[in-house]
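The lines below spell out each chain.
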Amino acid sequence: MEKRRFNASMPEYKMKSEYKLDMKDKQILVMLQNNSRESLTNIARHIRLSVDSVHKRIKKMVKNYVFIPSIFVNPKAIGYPLVSDIRMHLHNTNEKRMKELITYLVNNPKVNNLMTLAGDWDMACVLISRDADDLNQTSREIRNKFADIIHDWRSTIILEVHKLERYDMTKL
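Anyway, here's the lowdown on the structure attached to this text. Keep in mind it's a predicted model, so treat the numbers as computed, not measured. (Residues numbered from 1 in each chain as written. Predicted model: local features only at pLDDT ≥ 70, side-chain atom pairs only at ≥ 80, totals over all residues. Heavy atoms only, no water.)

### Let's talk about the nonpolar core
Argument step 1. The biggest cluster of nonpolar side chains holds 16 residues, and the ones touching the most others in it are Met88, Leu101, Leu105, Leu127, Ile150 and Trp153.
Argument step 2. Secondary structure elements with two or more residues in this core: strand E1 (82–90), helix H4 (95–107), strand E3 (123–129), helix H5 (132–145) and strand E4 (150–157).
Argument step 3. Per-element accounting of this core gives the leading share, four residues, to E1.
Argument step 4. Not counting the four nearest positions on each side in its chain, isoleucine 150 is found in contact with Met88, His89, Leu90, His91, Ile142 and Arg143.
Argument step 5. Of all hydrophobic cores here, the second largest spans 14 residues; its members include Tyr19, Leu32, Ile58 and Met169. (Core = buried A, V, L, I, M, F, W, Y, C linked by side-chain atoms within 4.5 Å. Buried < 20%, exposed > 50% of the residue type's maximum accessible area, 1.4 Å probe, protein only. Helix = DSSP H or I, 4+ residues; strand = E, 2+ residues; numbered from the N terminus. Contact = heavy atoms within 4.5 Å.)

See below:
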């Protein structure tokens, strides 16, 4: 299987057309969301296809960015119990400074997710921290480095995650 590092700004991520999922594809996705290590044999048996057909479908969906095979690391289990949702309102931005901000945040090991937004906020990210002092230091580093374009910064501590990127494909 071709190995690619997922990056939302990769040109090939911007799909030319919508990928059409049939019910078998949806069933595969539901099973993989429930257990990403589910064997091809069990998936094939459950949805009544051959192992080879299931394998081909998965490869095709990955190639078309229907899903990105990855793992979820629990930050609390590795010494980062403080997880924060950061919202930024930007001003006086230009393309160069935006790229610098995005590159800086993408390369920051404490930034878990990074998204540009439409609405009240321009950008959001999730920061992991060892404690409040660590969060404060990371926040100050980012805010000071980009003080010319970060107009407002709001931090919210995430207490508990109830649902994370989970879709019931058979109901969509």
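### So, the packing of helix H1 (residues 23–34) against helix H3 (residues 51–63)
Argument step 1. Running from N to C, H1 and H3 cross one another at 80°; their axes reach a closest spacing of 11 Å. In terms of orientation, H1 and H3 fall into the roughly perpendicular class. On the side of H1, the interface is formed by Lys24, Asp25, Ile28, Leu29 and Leu32, while H3 contributes Val54, Arg57, Ile58 and Met61. (Axes fitted to C-alpha atoms, helices over the stretch in contact; angles between N-to-C directions. Parallel < 35°, antiparallel > 145°, perpendicular 65-115°, else oblique.)

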